[in-house]
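Topology and contacts: notes
Letter by letter, the chains look like this.
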Amino acid sequence: LARGRYRLVGQIGQGGFAAAWPARDEGARREGALKVLHGQFAEDKTRRDRFFRGAWKMSELKHPAVVRGYEPDGEEGGRHFFVMEYMSGGTFHEAVL
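First, a word on what this report is: a plain description of the structure on this page. (Residues numbered from 1 in each chain as written. Predicted model: local features only at pLDDT ≥ 70, side-chain atom pairs only at ≥ 80, totals over all residues. Heavy atoms only, no water.)

1. What to know about the overall build of the protein
Within the protein one finds two helices and six strands. When the backbone C-alpha atoms are referred to their principal axes, the protein occupies close to 35 × 30 × 25 Å. Counting only residues that meet the buried cut, the protein has 33% of its 97 residues in that class. Once local pairs closer than 6 in sequence are excluded, the contacts in the protein between residues at least 24 apart make up 36%. Taken as a whole, the protein presents about 6600 Å² of accessible surface, with 51% of it coming from carbon and sulfur. A gap of 2 Å separates the mean positions of the 16 positive and 13 negative side-chain charges of the protein. (Helix = DSSP H or I, 4+ residues; strand = E, 2+ residues; numbered from the N terminus. Buried < 20%, exposed > 50% of the residue type's maximum accessible area, 1.4 Å probe, protein only. Contact = heavy atoms within 4.5 Å. Areas by Shrake-Rupley, 256 points an atom, 1.4 Å probe, with all protein chains shown as cover. Lys, Arg positive; Asp, Glu negative; His and termini not counted. Charge placed at Lys NZ, Arg CZ, Asp CG, Glu CD.)

Below you can see the structure in the form of structure tokens.
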């Protein structure tokens, strides 16, 4: 995505709104994670706005316990996505437990 800037490595997971993928940011030379809005929601402005609102808020937060947002509003060829820091080592659910 982003005209070849991000190389997707493999899918992390999938939810009701989107799927998450670990990715290599070839421009910044760092690991990240892309969250891609499911295609059936691409034309739904309300869902799209909700998807990006969380990404914008994440990118504004600066705290060691919060995943950093890198690019809060990506779009290419009708695919909507945002980019965040990749955190390895399990799922959020596992961390909470």
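After that view of the structure, there is still more to cover.
2. Some thoughts on the environment of Glu-26
Note that Glu-26 resides in the loop between strand 3 (18-25) and strand 4 (30-37). C-alpha separation for the pair Glu-26 and Glu-94, spaced 68 residues apart in sequence, amounts to 30 Å. Dropping the residues within four chain positions of it, Glu-26 is found in contact with Gly-4, Arg-5 and Arg-7.

3. Section: the pattern of salt bridges
On inspection of all chains with the given rule, the structure shows seven salt bridges. Among the ionic pairs, Asp-25 bridges to Arg-5, the shortest N-O distance being 2.9 Å. Of this pair, Asp-25 sits in strand 3 while Arg-5 sits in the segment before strand 1 (6-8), and the two are 20 residues apart along the sequence. Accessibility expressed as a relative area gives 3% for Asp-25, which makes it buried. For Arg-5, a relative accessible area of 32% gives the class partly exposed. (Salt bridge = Lys/Arg side-chain N within 4 Å of Asp/Glu carboxyl O.)

4. Describing the side chain of Ser-59
Locating Ser-59 in the fold gives a position in helix 1 (residues 45-60). Exposure remark for Ser-59: the relative accessible area of 13% places this residue in the buried category. Of note is the side chain of Ser-59, whose polar atom sits 2.8 Å from the backbone oxygen of Trp-56. (Polar contact = N/O pair within 3.5 Å; in protein donor to acceptor, adjacent residues only side chain to side chain.)

5. Remarks on the nonpolar core
Core analysis: the biggest nonpolar cluster contains ten residues, these being Ala-18, Ala-33, Leu-37, Phe-41, Phe-51, Phe-52, Ala-55, Met-58, Phe-82 and Met-84. Elements supplying a minimum of two residues to this core: strand 4, helix 1 and strand 6 (79-85). If one sorts the elements of this core by residue count, helix 1 sits on top with four residues. In this structure, Leu-1, Leu-34, Val-36 and Val-83 belong to the second largest nonpolar core, which totals seven residues. (Core = buried A, V, L, I, M, F, W, Y, C linked by side-chain atoms within 4.5 Å.)

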